[in-house]
Amino acid sequence: MTTMSATQTSDVPTLLVKIFGKDRPGITAGLFDTLAAFSLDVVDIEQVVTRGRMVLCALVTHPPQGLEGELRATVHSWAESMRMQAEIISGTGDNRPRGLGRSLVTVLGHPLTAEATAQVTARITKAGGNIDRIFRLAKYPVTAVEFAVSGVETEPLRTALVTEAAALGVDVAVVAAGLHRRAQRLVVMDVDSTVIQDEVIELFAAHAGCEAEVAEVTAAAMRGELDFEQSLHARVALLAGLDASVVDKVRSEVRLTPGARTLIRTLKRLGYQVGVVSGGFTQVTDDLRERLGLDFAQANTLEIVDGKLTGRVTGEIVDRAGKARLLRRFAAEAGVPLSQTVAIGDGANDLDMLNAAGLGVAFNAKPVVRQAAHTAVNVPFLDTVLYLLGITREEVEAADTLDERLLGRAADEEH
């Protein structure tokens, strides 16, 4: 039998064989065993299983002259014996070429409603895109679905979808399709209200009894009356005289954001390098680096003299511009192009970093940050960022199970 290339099949007769019904082992093997008797070439295959019901499509070259009728009868007979249904459609050549411009659109819903799905897909169509494939990445803690879209460039598609995501009640990420998506090898995150649920300065202020004063300075900074560096110095000054032993207490009070440990653990397994940058303090970020196995960590440092906080910070100030600068530094040290970095943050002082990264993710952020970032996640689970990178929930859980087995085996060997 002579094997035909995709180019050679472009204008020859082909058959689309579709099988659908209750899924069970052996259906795919059985269909192709049935087709093998007719000396066919396989041009394309696609199979989908949803709630135990399968649709299997095989695009094959036309059988030798005079055998189409026999093939149809044989396939229908086999399908009936398997309690499946069959449909065979004659045509010419392969699938039509996809349009220029390939993007992956990830939609996160909590829940994902039919109305939101209708509006997202309608906007894809209005932007000139065609949905080639749809794949579910996760069913909990959110529903995450990925659409492969062609026919429209990534930037206009992102503009059409992401800017209206909040109104649709979903989170939408649009990235260019291609190998580079899997090659993103550095993820850098903000700390306060991103990796952790807390604001570290407020934890220190609670021990110093100056929460109200710190909150007032923070509010002034948010009103634009103080820049970040001014507000940092003003707030830290209120901590002067606090015993250094409070550092350990604050570390114990820090609460990781749900999904933070899973996100970092999974990224590390995949070979990503992971870091944090913070307008907070190294007294906390150094501890997080050790606990979570981070590759990079940088923050401001509280000065401690004779066992007391002096009310000053030392070293390089990590502010809005500093976070972007550190992202570039970490990328250079990791040997990763800036285009293959991911930045995650929630505040205005994260904006430079989010815009500098190849993919900037606003995590439960204020509206101004959501609008400026490449995409936004508005559910309280940090590991949902994995879905934006095309990593499925099943892959995460499989890796967790493997680690548990390896740890169990190691423990058995020690005994």
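Scroll up to find the structure this text is about.
The structure reproduced in this document is the subject of the present report. (Residues numbered from 1 in each chain as written. Predicted model: local features only at pLDDT ≥ 70, side-chain atom pairs only at ≥ 80, totals over all residues. Heavy atoms only, no water.)

### Digging into the sheet that holds strand 12 (residues 308–314)
Spatial strand order, 12-11-10-9-13-14-15: seven strands in an open sheet with mixed pairing. A strand with exactly one partner marks an edge of an open sheet, and here the two such strands are strand 12 and strand 15 (375–377). Averaged over all neighbouring strand pairs, the angle between strand axes comes to 25 degrees, with direction disregarded. Across four bridges, the pairing between strand 9 (residues 186–189) and strand 13 (residues 341–345) is parallel. Bridging from a neighbouring strand, Leu186 pairs with Thr341 of strand 13. (Pairing = 2+ DSSP bridges. Helix = DSSP H or I, 4+ residues; strand = E, 2+ residues; numbered from the N terminus. Axes fitted to C-alpha atoms, helices over the stretch in contact; angles between N-to-C directions.)

### Digging into the layout of surface pockets
Over the atoms, a rolling probe the size of a water molecule traces out where space has been left empty. Roughly 400 Å³ of internal volume is contained in the second largest pocket. Taken together, Glu46, Gln47, Val48, Val49, Thr50, Arg51, Arg133, Ile134, Phe135, Arg136, Val145 and Glu394 form the lining of the second largest pocket. Looking at the lining of the second largest pocket, the elements that each hand over two or more residues are strand 2 (42–50) and strand 6 (130–138). The element that contributes the greatest number of residues to the lining of the second largest pocket is strand 2, accounting for five residues. (1 Å grid on protein atoms, 1.4 Å probe; cavity = no way out; pocket = protein on both sides within 12 Å on 5 of 7 lines; lining within 4 Å. Points joined across faces, edges and corners; volume = space filled by probe spheres on them.)

### A few points about the nonpolar core
Among the nonpolar cores identified, the biggest contains 62 residues, and Met189, Phe204, Phe281 and Ile344 are the most heavily contacted of them. For this core, the leading source of residues is helix 6 (residues 200–208), giving five residues. For Phe204, the contacting residues outside a window of four places in its chain are Leu239, Leu242, Val246, Val247, Val250, Phe281, Val284, Leu302 and Leu309. Core analysis: the second largest hydrophobic core is formed by 22 residues, Phe330, Met353, Ala356 and Val369 among them. (Core = buried A, V, L, I, M, F, W, Y, C linked by side-chain atoms within 4.5 Å. Buried < 20%, exposed > 50% of the residue type's maximum accessible area, 1.4 Å probe, protein only. Contact = heavy atoms within 4.5 Å.)

### So, the packing of aromatic side chains
Taken as a whole and assessed by the stated rule, the structure comprises two aromatic pairs. Between Phe204 and Phe281, the aromatic rings sit 5.9 Å apart at their centres with planes inclined by 90 degrees, giving edge-to-face as the arrangement. Residue Phe204 is located in helix 6, and its partner Phe281 is located in strand 10 (residues 273–281); the two are separated by 77 residues in the primary sequence. For the pair Phe204 and Phe281, a shared accessibility class is recorded, and that class is buried. When the ring of Phe296 is compared with that of Phe330, the centres are 4.7 Å apart and the planes differ by 15 degrees; the resulting orientation is stacked. With a gap of 34 residues between them, Phe296 in strand 11 (residues 296–305) and Phe330 in helix 12 (residues 320–334) connect regions that are remote in the sequence. Exposure remark for Phe296: the relative accessible area of 9% places this residue in the buried category. (Phe/Tyr/Trp six-rings, centres within 6.5 Å; stacked < 30°, edge-to-face > 60°.)

### What about the pattern of salt bridges?
Scanning the model with the defined rule gives 17 salt bridges in all. Here Arg251 makes a salt bridge to Asp248, at a shortest N to O gap of 3.8 Å. You can see Arg251 and its partner Asp248 sitting in helix 9 (residues 246–253), three residues apart, about one turn around the helix. Ionic pairing is found between Glu316 and Arg325, a salt bridge with its closest N-O pair at 2.9 Å. We classify Arg325 as partly exposed; its relative accessible area is 38%. (Salt bridge = Lys/Arg side-chain N within 4 Å of Asp/Glu carboxyl O.)

### Quick notes on the side chain of Ser278
Mapped onto the fold, Ser278 is located in strand 10. Here the side chain of Ser278 touches Gly280 through a polar contact of 2.7 Å, landing on its backbone nitrogen. Apart from the residues within four sequence positions on either side, Ser278 is in contact with Asp190, Val191, Asp192, Thr285, Gln298, Ala299, Asn300, Val318 and Lys323. (Polar contact = N/O pair within 3.5 Å; in protein donor to acceptor, adjacent residues only side chain to side chain.)

### Section: the packing of helix 6 against helix 9
Orientation of helix 6 relative to helix 9, taken along the N-to-C sense of each, is 130 degrees, at an axis distance of 10 Å. When the interaxial angle is binned, helix 6 and helix 9 end up oblique. Like other packed secondary-structure pairs, helix 6 and helix 9 cross with a definite hand, here right-handed. Facing Val200, Leu203, Phe204 and His207 of helix 6, the residues of helix 9 in contact are Val246, Val247, Lys249, Val250 and Glu253. Considered class by class, the residues forming the contact of helix 6 with helix 9 number six nonpolar, one polar and two charged. (Parallel < 35°, antiparallel > 145°, perpendicular 65-115°, else oblique. Left-handed = near helix turned anticlockwise from the far one by under 90°. Nonpolar A, V, L, I, M, F, W, Y, C, P; charged D, E, K, R; others polar.)

### Digging into unusual backbone geometry
At the junction of His110 and Pro111, the peptide bond is cis and its omega measures out at 5 degrees in the coordinates. Within the element layout of this structure, Pro111 appears in the loop between strand 5 (102–109) and helix 3 (114–126). Cis geometry is found at the peptide bond from Tyr140 to Pro141, where omega equals 0 degrees. Secondary-structure assignment places Pro141 in the loop between strand 6 and strand 7 (143–150). Not every positive phi belongs to a glycine, and Ser193 is a case in point at roughly 65 degrees. Looking at the secondary structure, you find Ser193 in the loop between strand 9 and helix 6. The backbone of Asp306 sits at a positive phi, close to 55 degrees, despite the residue not being glycine.

Without other data, these values stay purely geometric and don't point to any function.
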